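Reading the structure
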Amino acid sequence: MTEAAFQTTVRIDAETPADVASVEALVMAAFGPGRYAKTAERIREHAGVAAGFVAREDGRVIGAVRLWSITVGDRPALFLGPITVSADSRKGGLGADLVQACLDHAGETGILLVGDAPYFGRFGFRPAPEARLQGPVDQRRVLWLGEGDAVGPVRPA
């Protein structure tokens, strides 16, 4: 048998209701119950899911990310996260593929996230020092991608 016979295909798809349990299991494995104490999780608890994307390999969900409807000041925006890839599938660029799916979906709508500037900077995200999340957050990790600056309180939409 050739090496090509063992290759698998990974696809990025829109999340479906059938994916919810798999996505939650990935998020829990990556972030644990401590995620519920984070300010970003408080936003997600009250915001509506605008879109979700999964990475599938041979039908199995191996990565996921969601966009949530928020406002920054009076401006409609999207909140990205959490993003997760199964431990046995990391380092293959799936995280970047999932982020790109979010950017493609958002179009001109601004996206806010709490994350690592060196990682997300390659997509064009920049610090958002004037975006105010309701709770403790390392302000250096609050990043924005969109026209102008993200200014004002961040609230679920």
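The following refers to the structure shown.

This part covers the pairing of strand S4 (residues 75–80). Relative to S4, strand S3 (residues 60–72) runs antiparallel, the two being bridged by 6 bridges. Within the sheet, the bridge partner assigned to Trp68 lies in S4 and is Phe79. Hairpin geometry of S3 and S4 is characterised by an intervening segment of 2 residues between the two adjacent antiparallel strands and by a positive phi of about 65° at Gly73. As defined by bridge partners, S4 adjoins strand S6 (residues 111–114) across 2 bridges and the pair is classed as parallel. Bridge pairing in S6 links Leu78 to Ile111.

By secondary structure assignment, the location of Arg155 is in strand S10 (residues 152–156). Measuring from C-alpha to C-alpha, the distance between Arg155 and Val72 comes to 6.6 Å, with 83 residues separating the pair along the chain. Discounting chain neighbours no more than four positions away, the residues touching Arg155 are Ile70 and Thr71.

In this structure, Phe53, Leu67, Leu80, Ile111, Phe120, Phe123 and Phe125 are the most contacted members of the largest nonpolar core, which totals 23 residues. Those elements that place two or more of their residues in this core are strand S2 (49–57), S3, S4, helix H3 (94–106) and S6. Tallying contributions element by element places H3 first for this core, with 8 residues.

The linkage connecting Gly81 with the following residue, Pro82, adopts the cis geometry, with an omega of -10°. Looking at where Pro82 falls in the secondary structure, it is placed in the loop between S4 and strand S5 (84–85). Phi at Asp58 is positive, roughly 50°, even though this residue is not glycine. Considering the arrangement of structural elements, one finds Asp58 in the loop between S2 and S3. Using a relative accessible area of 62% as the deciding quantity, one classes Asp58 as exposed.

To continue, consider the packing of aromatic side chains. Applying the stated criterion to the full structure yields 3 aromatic pairs. Both rings, one in Tyr119 and one in Phe123, keep their centres 6.0 Å apart while their planes meet at 55°; by these two values the pair is tilted. Of the residues examined, Phe123 reaches a relative accessible area of 16% and is grouped as buried. Linked through ring pairs, Tyr119, Phe120, Phe123 and Phe125 together constitute an aromatic cluster.

The rules we used
- Going along each chain's sequence as written, the residues are numbered from 1 onward.
- Reporting of local features is limited, given that this is a predicted model, to residues whose pLDDT is at least 70; pairs of side-chain atoms are given and counted only at 80 or more, and all residues count toward the totals for whole chains, interfaces and linings.
- Neither water nor hydrogens contribute to the side-chain values; these are computed over all heavy atoms in the structure.
- Between any two strands, pairing holds if DSSP finds at least two bridges.
- The numbering of helices and of strands both runs from the N terminus, where a helix is a DSSP run of H or I of at least 4 residues and a strand a run of E of at least 2.
- Contacts were defined at the residue level, with two residues in contact if any of their heavy atoms lie within 4.5 Å.
- What makes a nonpolar core is a set of buried Ala, Val, Leu, Ile, Met, Phe, Trp, Tyr and Cys residues whose side-chain atoms join them at distances within 4.5 Å.
- Exposure categories follow from relative accessible area, calculated using a 1.4 Å probe and restricted to protein chains: below 20% of the type maximum is buried, above 50% is exposed, and the middle band is partly exposed.
- Aromatic contacts are taken between Phe, Tyr and Trp rings whose centres are within 6.5 Å, Trp giving its six-membered ring; a plane angle under 30 degrees counts as stacked, one over 60 as edge-to-face, and the others as tilted.

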